[in-house]
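Below, each chain spelled out in residue letters.
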Amino acid sequence: MIQLAQILFILSVLVILHEFGHYITAKLFKVRVEKFYLFMDAGFSLIKKKIGETEWGIGWLPLGGYVKLSGMIDESMDTEQMNTEPQPWEFRSKPAWQRLIIMLGGIIVNILLAWLIFTIMYTTVGKKIISTDELQKNGLAFGEVGQSVGFKNGDKIISIDGKHHDDFKFMNMGVLFGDKIEVDRQGEKIELLLTDEQKGEIIKKEGKGFVHARWKLNEFFIDSINKNNSDLKRFDEIIGINNERFVYLDQLIDALKTHKNDSINLIIKRNSQEITLKTKVDSTGIDSFNKTLFIDQNFNLKKAFVNIISENSPAEKAKIEFNDVIIAVNNIKIESNKDLKKILSENKEKEITLTVLRNKKNIDLKTTLDKKGTLGIGFDKKDDQYIITEKLNFAQAFPEAVSQSWSLFKYNVQSLKLIVRPKTGAYTQIQSPVGIARRLPDTWNWEFIWNFTALFSIGLAFMNLLPIPGLDGGHALFTIAEMITGKTLSNKTMGYVQTAGMIILLTLMALTFGKDIYQLVADKFF
């Protein structure tokens, strides 16, 4: 419900302000506005009230919104008024340059909104970037697909098409958008040229997660073990293989792949002592470990908050809430995930007292653990070690806001280029508001919401600039053509064009909504 509320709030803000851009420019040039609607009112309205010459309302179908201008063929497909003589207050009676400004009014407001939000955010919470240099200081780790297309664990991305991105968000996605990727591989510069098919494999199988910072091996521990592998114990830490010690988790994984079907000696750290255990690696090089043991990360609990609570779990019975931070068990201070799991395992089926930090207050909660000694919770880690925050004054924040908006606009252009190249399969990743809502956090976070609204606002501006009939860009294109040639389309032809555009848009919406709803149902029940 929180995700649904967030997407409805964001869409409402964007739609109302976008349509207000058309409304205010129409009023500026004395064009009569017959309707102003949030969401579509196909058949009926949820709420409506006429004030002056304008009917204000909320439709039942959350697919955007619209303003209906007198003397214009728009989403309402009302052509009856076009059969009468043009009136001074009608859209069609106005000069082409005024009609063009009215058509672009919503797009302009979307861009101004993004500038405003970014400026306010940069002057209050600060401008935050994921530092590329900090994140890849020790190199990067790649998934199987990333390695299959030419990357190697430990690579550092120097530039994409000759440009270095300070913010890793743009560097990450730039790999899919760019043509030439330059990497530093143990001091040697290597050029990678990815094909559309290779980019498609990344998009389909791993997405943005195909690359991340390298994780240190000593940050992980064995959390659960198959009964058939009795030599290993819970909370053991893997150090290396066959007398070779590793620093990073990816080095262990790569080493396992080189020992397929082999017997190996695992170097284990147990209770501060090193021991060696013999084990067998299967034909995949890694799946045997996935089947016999599960490793977990030993993160700092002070930088982690609860974001998953299982139904009927000890955590739910204790009334743990989202965003709680666990700080103690039975009055014993707990600092790491490993320490938490250790003390829980020592209190299986016993009543415990959890101390959580909630709204800057310590709260004690009682519950009884299950026979496995688990609470039934998951954590979202505040992985801010690579985030650089810079608080700006207004003189600095505004140009940065404009620059960020321009970068996001280019991101949308590059995304479209990727989508129209079928071999990349990027078109399969297009999402409706249903799909977008599922990506939103389960908790209400104003900082995230406003940043996402700004990002979405630029996306909405770009989408409406596309020269598709039914969108602002389509109307603007015909108006610009009229200004150049001095000729206009007949009302009949304009009606056909508008109808065709609406059919295209509604078809695309039906496909994306259908895909996301199917995925939602599939994930829920299958």
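Right, let's walk through the structure included here. The structure displayed is predicted, hence computed values, not measured ones. (Residues numbered from 1 in each chain as written. Predicted model: local features only at pLDDT ≥ 70, side-chain atom pairs only at ≥ 80, totals over all residues. Heavy atoms only, no water.)

1. Comments concerning the environment of Ser-403
With respect to the element layout, Ser-403 can be found in helix 11 (residues 394-419). The class for Ser-403 is partly exposed, based on a relative accessible area of 38%. For the pair formed by Ser-403 and Trp-115, sequence separation is 288 residues and the distance between their alpha carbons is 9.1 Å. (Helix = DSSP H or I, 4+ residues; strand = E, 2+ residues; numbered from the N terminus. Buried < 20%, exposed > 50% of the residue type's maximum accessible area, 1.4 Å probe, protein only.)

2. Regarding the environment of Ile-10
Position of Ile-10 relative to the elements: it lies in helix 1 (residues 2-28). As a C-alpha pair, Ile-10 and Ala-454 span 444 residues in sequence and 9.5 Å in three-dimensional space.

3. Here's the deal with the pattern of salt bridges
Within this structure, the stated rule accounts for 25 salt bridges. Across the salt bridge formed by Lys-341 and Asp-296, the nearest N and O atoms sit 2.8 Å from each other. Of this pair, Lys-341 sits in helix 10 (residues 337-345) while Asp-296 sits in strand 14 (residues 293-297), and the two are 45 residues apart along the sequence. Comparing Lys-341 with Asp-296 shows no difference in burial state: the two are buried. (Salt bridge = Lys/Arg side-chain N within 4 Å of Asp/Glu carboxyl O.)

4. Remarks on the packing of helix 5 (residues 168-177) against helix 11
Contact pair helix 5 / helix 11: the axes reach a minimum separation of 10 Å and the direction vectors enclose 30°. Between helix 5 and helix 11, the angle is such that the two are roughly parallel. Helix-helix and strand crossings are classified by hand; for helix 5 and helix 11 the assignment is left-handed. Together, Phe-170, Met-173, Leu-176 and Phe-177 of helix 5 and Gln-404, Ser-407, Leu-408, Tyr-411, Gln-414, Ser-415 and Leu-418 of helix 11 make up the contact between the two elements. Of the residues in the contact of helix 5 with helix 11, the class split is seven nonpolar, four polar and no charged. (Axes fitted to C-alpha atoms, helices over the stretch in contact; angles between N-to-C directions. Parallel < 35°, antiparallel > 145°, perpendicular 65-115°, else oblique. Left-handed = near helix turned anticlockwise from the far one by under 90°. Contact = heavy atoms within 4.5 Å. Nonpolar A, V, L, I, M, F, W, Y, C, P; charged D, E, K, R; others polar.)

5. Focus on the packing of aromatic side chains
Considering all chains together, one arrives at 24 aromatic pairs under this definition. For the pair Phe-142 and Phe-210, a centre-to-centre distance of 6.2 Å together with 45° between the ring planes defines the contact as tilted. Highlighted residues: Phe-142 in strand 4 (residues 140-142) and Phe-210 in the loop between helix 6 (196-205) and strand 8 (211-213), separated in sequence by 68 residues. The burial state of Phe-142 is the same as that of Phe-210; both residues are buried. Through pairs of rings, three or more aromatic residues link up here, namely Phe-20, Tyr-23, Phe-36 and Trp-56. The side chain of Arg-32 reaches across the aromatic face of Trp-89, ending 4.4 Å from its centre. (Phe/Tyr/Trp six-rings, centres within 6.5 Å; stacked < 30°, edge-to-face > 60°. Lys NZ or Arg CZ within 6 Å of the ring centre and 35° of its normal.)

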